[in-house]
Amino acid sequence: MLKGTSHLKNGMNFLMKGQDKPMHMTVSYPQRIVHNFGGDAVCMVPCTISIFNASQQSIQGTLNLDNAVHNTKPSWTMPKGSGQGPNDESMESEGSDLSGCPSYCWCGKLVHKFYDVQPWETKEVAATVCIFAPGCYEVDAFRLQWSFSNANFSQNELEGTKFCLNVSDGRL
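Here the residue numbers are simple positions, counted from 1 along each chain's written sequence. The model is predicted, so local features are restricted to residues of pLDDT at least 70 and side-chain atom pairs to those at 80 or more, both for listing and for counting; the totals for chains, interfaces and linings are taken over all residues. With hydrogens and water stripped out, all remaining heavy atoms of the structure feed into the side-chain values.

Now for the packing of aromatic side chains. Centres within 6.5 Å make a pair out of two Phe, Tyr or Trp rings, where for Trp the six-membered ring is used; the pair is then stacked when the planes are under 30 degrees apart, edge-to-face when over 60, and tilted otherwise. Within this structure, the stated rule accounts for 5 aromatic pairs. On the basis of an interplanar angle of 45° and a centroid distance of 5.7 Å, the ring pair of F52 and W120 is categorised as tilted. Taken together, the residues F52 in strand β5 (residues 43-53) and W120 in the loop between β8 (111-117) and β9 (122-131) connect sequence positions 68 residues apart. Judged by its relative accessible area of 24%, F52 is partly exposed. For every residue, the accessible area obtained with a 1.4 Å probe (protein chains only) is divided by the maximum for its type, and the residue is called buried under 20%, exposed over 50%, and partly exposed between those limits. The exposure class assigned to W120 is exposed, which follows from its relative accessible area of 53%. Taking the centre distance of 5.3 Å and the plane angle of 90° together, the rings of W146 and F148 count as edge-to-face. Both residues of the pair, W146 and F148, count as buried. Aromatic ring contacts, followed pair by pair, group Y29, W106, F142 and F163 into a single cluster. Working definition: helices are DSSP H or I runs of at least four residues, strands are E runs of at least two. Numbering for both runs from the N terminus.

Structure follows, in structure tokens:
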């Protein structure tokens, strides 16, 4: 047997060592984002999610873009007294109008269905992340539910890999 190959046995696809992850997802996104939050309260960041079928069979599935957890804040903020926050206060202060905002959310189409993705084929999905304040955001609220096209009973799930968006305020 060759390493990284699969073989059919009783009509089922058995994955051999080296091919234990038949589905892969990657995300392309800007490394650094500068946005004028004074002019527009929402920063829309374009991303591309690539879904790759590394198996020997076609697959079908659904990519779900979920909302981030509410009542969270950016990983970092401008310190008090920096002259860069609203009214020269920290973006994390209790009186900030950002408290209670989600850290980010996906906007646009949130559910993408795929049918008959062939072996070694890549599907790309354009997606947009909305950011509401400057900061460094860990984005991971997306997942792929998939199954082999010829197997109606076996559903698998692939969680999206966390990626970071570094958003700074262009007014500074």
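It is worth spelling out the pairing of strand β6 (residues 59-65) at this point. One face of the sheet, then the other: side chains in a regular strand alternate in exactly this way. Burial analysis of β6 places 6 of its 7 residues in the buried class, the great majority of the element. Any two strands are treated as partners once DSSP identifies two or more bridges connecting them. Sheet topology note: the β6/strand β11 (residues 142-148) ladder contains 7 bridges and is antiparallel. Among the inter-strand pairings, T62 is bridged to a residue of β11, identified as Q145.

Taken together, 4 strands build an open sheet; the order of strands is β3-β5-β9-β7 and the sheet is antiparallel. Only two strands of the sheet have a single neighbouring strand rather than two, namely β3 (23-28) and β7 (104-107). Averaged over neighbouring strand pairs, the angle between their axes works out to 35° when direction is ignored. In this sheet, β9 lies alongside β7 in antiparallel orientation, the contact comprising 4 bridges. Helix axes are fitted to C-alpha atoms over the stretch in contact, other axes to C-alpha atoms as well, and angles between N-to-C directions run from 0 to 180 degrees.

Turning to the sheet that holds strand β10 (residues 135-139), a few remarks are in order. The 3 strands are arranged β4-β13-β10 in an open sheet whose pairing can be described as mixed. Looking at which strands have only one partner, the edges of the open sheet turn out to be β4 (33-35) and β10. Between one strand and the next, the sheet's axes are offset by a mean angle of 30°, whatever the strand orientation. For β4 and strand β13 (residues 163-169), the ladder comprises 3 bridges, and the chain directions are parallel. By the bridge assignment for β13, H35 is matched with D169.

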